[in-house]
Amino acid sequence: MEKINEASQFWKAFLQPRVLLFILFGAGIIFLTFLTNNNALEIVISGIASVFIGIGVNNFSSIETHVRDEKKLKSKIAHSLKVLEITRSRIKVIHHELNRENCLKLKEDLAELEKIIVLSMGLIKDEDTLN
């Protein structure tokens, strides 16, 4: 499953216009070397083609780096959400235990803290991608 996912990510990144066009353009320029008999001109044509292919490869690696960074970010966000959810559940337990006693001020503070955590969770969920 992981190999299929990696292959699909490879093709998804490779088929991006900023990758595919540069590589195809560079490969097309390489074929111009068949039309000349001048060795110096062939070297110049090959150099120009390698620049375009290099730009395509650089764009490809930047896309893969972006995907990897986004996976790390999503992992960190998921971990943060789990920690916030554990904290929220613990606050709820404390909040329910306070029903037995008359600590209204403490109960209100815990309710406010729970609202802040819910708000934080919502903000983390909204900001889960890199732009």
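Residues numbered from 1 in each chain as written. Predicted model: local features only at pLDDT ≥ 70, side-chain atom pairs only at ≥ 80, totals over all residues. Heavy atoms only, no water.

A complete count under the given rule lists three salt bridges for this structure. In this structure, Glu 70 and Lys 74 form a salt bridge, with 3.9 Å as the shortest nitrogen-oxygen distance. Of this pair, Glu 70 and Lys 74 both sit in helix α3 (residues 39-97), four residues apart, which is roughly one turn of that helix. Its salt-bridge partner being Glu 114, residue Arg 88 comes within 3.7 Å of it at the nearest N-O pair. (Salt bridge = Lys/Arg side-chain N within 4 Å of Asp/Glu carboxyl O. Helix = DSSP H or I, 4+ residues; strand = E, 2+ residues; numbered from the N terminus.)

Moving on, we get to the nonpolar core. Formed by Ile 77, Leu 81, Leu 84, Ile 91, Leu 98, Leu 110, Ile 117 and Met 121, the largest nonpolar core amounts to eight residues. Going through the elements one at a time, α3 and α4 (104-126) are the ones with two or more residues in this core. If you tally residues by element for this core, the top one is α3, at four residues. Apart from the residues within four sequence positions on either side, Leu 110 is in contact with Ile 91, Ile 94, His 95 and Leu 98. Of all hydrophobic cores here, the second largest spans five residues; its members include Ala 13, Val 19, Ile 23 and Ile 63. (Core = buried A, V, L, I, M, F, W, Y, C linked by side-chain atoms within 4.5 Å. Buried < 20%, exposed > 50% of the residue type's maximum accessible area, 1.4 Å probe, protein only. Contact = heavy atoms within 4.5 Å.)

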